[in-house]
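# Analysis of the macromolecular model
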Amino acid sequence: MSALDAIMGDAVGGTLYGIGVGPGDVRYLTLRAAGLIRSVDVLACFAKEGRNSCARTVAAPLIEAGREELTLYYPVTTEAPVGDGAYDEPMRDFYEASAEKLAGLLRAGKSVGLMGEGDPFFYGSFMHMWRRLERDFPVEIVPGVIGISGCAAKANTPLTWGDDVLTVLPGTLDEAALARRLADTDAAAIMKVGRNLAKVRRAIAAAGVLDRAIYVERGTMPGERILPLAEIQAETAPYFTIILIPGNGRRI
């Protein structure tokens, strides 16, 4: 075993690994993530029905032919505000069924790597598996570079200076809540933009920070697009879109 192999490590049977694959560019995977993707018995991922898994697409250069894989297909893909029964109920059933599938593999002594974009514990679907399985099986979290970091790097935009406070906001919040929180922070990153783009843009304007807002679409991925938000006229955005509002704190 080489020194690099020792650092990356091997998977342990019966263990669930939550593997963050980063913001989109495979080169941003950690050594631990890359090692586990190549060594677990089963590679798992979430995907929209009829579509390829975004996490698997990122990791594809590391996946050898013939690997045992499990794709868990979401019944709903348009995220709604917390408490929306039309979203929560089918997703709860889906997560229960998915956890049982993973549990079956773990009981059989197989190591399972569940891949997800960004970081498993940052708005990741993996958290719903962790909550259901961590009491009964060993679980290791493999942190990943979050989309916010990847987008800021590609936009060449420092987010926080000095004592700036950074607020991360989901675009699913109502417009008034978004505007209020944006007005009360130094810097912000808005995720889950998608069909909420028009609402998010209005809230940013109401908070008086439209001139600082940067629109990043598919950051670090093919088709990357980075523009001032004020130049974006569309009403909706692709799933992988983040809006950054850099801080103006102390610069020495």
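Residue positions within a chain follow its written sequence, with the count starting from 1. This being a predicted model, a pLDDT of at least 70 is required before a residue's local features are given, and a value of 80 or more before pairs of side-chain atoms are given or counted; all residues contribute to the totals for chains, interfaces and linings. Side-chain calculation: all heavy atoms of the structure are included, whereas hydrogens and water are not.

Here we take up the overall build of the protein chain. In this description a helix means any DSSP run of H or I spanning at least four residues, a strand means any run of E spanning at least two, and both kinds are numbered starting from the N terminus. Looking only at helices and strands, one finds eight helices and ten strands in the protein chain. Note that the radius of gyration is over C-alpha atoms, with the globule rule given as 2.2 Å times the number of residues to the power 0.38. The C-alpha radius of gyration of the protein chain comes to 19 Å, within 12% of the 18 Å expected for a compact globule of 252 residues. For the protein chain, the C-alpha atoms occupy an extent of roughly 55 × 45 × 30 Å along the three principal directions. Think of it in three bands: with a 1.4 Å probe and only protein chains considered, a residue is buried below 20% of the maximum accessible area for its type, exposed above 50%, and partly exposed in between. Every one of the 252 residues in the protein chain was classed for burial, and the buried ones make up 48%.

Two strands pair when backbone bridges link them, and strand β2 (residues 42-48) and strand β3 (residues 68-74) are joined in this way by seven bridges, in the parallel orientation. Each residue of the ladder has a partner; that of Val-42, found in β3, is Glu-68. Handedness rule for crossovers: strands pointing away from the viewer, path from the first strand over the helix to the second running clockwise, crossover right-handed. In this view, the connection linking β2 to its parallel neighbour β3 by way of helix α3 (residues 54-59) has right-handed handedness. One requirement defines pairing of two strands: DSSP has to find at least two bridges between them.

The next point concerns the sheet that holds strand β7 (residues 187-191). Taken in spatial order, the five strands line up as β6-β7-β10-β8-β9 in an open sheet, and their pairing is mixed. Bordering the open sheet on either side are β6 (166-170) and β9 (225-228), each of which pairs with just one other strand. In this sheet, adjacent strand axes meet at a mean angle of 15 degrees when their direction is disregarded. Where β7 meets strand β10 (residues 241-245), three bridges bridge the pair, whose relative direction is antiparallel. Paired with Ile-190 across the two strands is Ile-243, which belongs to β10. When checking whether two residues touch, look at their non-hydrogen atoms; a contact exists if any pair is within 4.5 Å. To get an axis, a line is fitted to the C-alpha atoms, and for a helix only the part in contact is used. The angle between two axes follows their N-to-C directions and goes from 0 to 180 degrees. Contacts from helix α8 (residues 197-206) reach β7, β8 (214-217) and β10 within the one sheet, and its direction differs from that of β10 by about 5 degrees.

Now for the sheet that holds strand β1 (residues 16-20). Neighbouring strands of a sheet are bound in pairs by backbone hydrogen bonds; such pairs are parallel or else antiparallel. An order of β3-β2-β4-β1-β5 is seen for the five strands of this open sheet, with the pairing classed as parallel. What marks the edges here is a single partner per strand, and that holds for β3 and β5 (139-142). Averaged over neighbouring strand pairs, the angle between their axes works out to 20 degrees when direction is ignored. The pairing of β1 with strand β4 (residues 112-116) spans five bridges and is parallel. Across the sheet, Gly-18 pairs through a bridge with Leu-114, a residue of β4.

Mapped onto the fold, Val-112 is located in strand β4. Overall, Val-112 belongs to the buried group, its relative accessible area being 0%. Each C-alpha atom of the pair Val-112 and Asp-5 lies 19 Å from the other, and the pair is 107 residues apart in sequence. Sequence-distant contacts of Val-112, defined by excluding residues within four places in its chain, comprise Thr-15, Leu-16, Tyr-17, Val-40, Val-42, Ala-44, Leu-102, Leu-105 and Leu-106.

Here the focus is the pattern of salt bridges. Whenever Lys or Arg places a side-chain nitrogen within 4 Å of a carboxyl oxygen from Asp or Glu, that contact is recorded as a salt bridge. Scanning all chains against the criterion turns up nine salt bridges. Notably, a salt bridge pairs Arg-27 with Asp-25, separated by 2.7 Å at the nearest N-O pair. Look at Arg-27 and you get exposed, because its relative accessible area is 69%. Residue Asp-25 is classed as buried on the basis of its relative accessible area, which comes to 12%. Here Arg-32 and Glu-140 are joined by a salt bridge, their closest N and O atoms 3.0 Å apart. In this pair, Arg-32 sits in helix α2 (residues 31-39) while Glu-140 sits in strand β5, placing the two residues 108 residues apart along the sequence.

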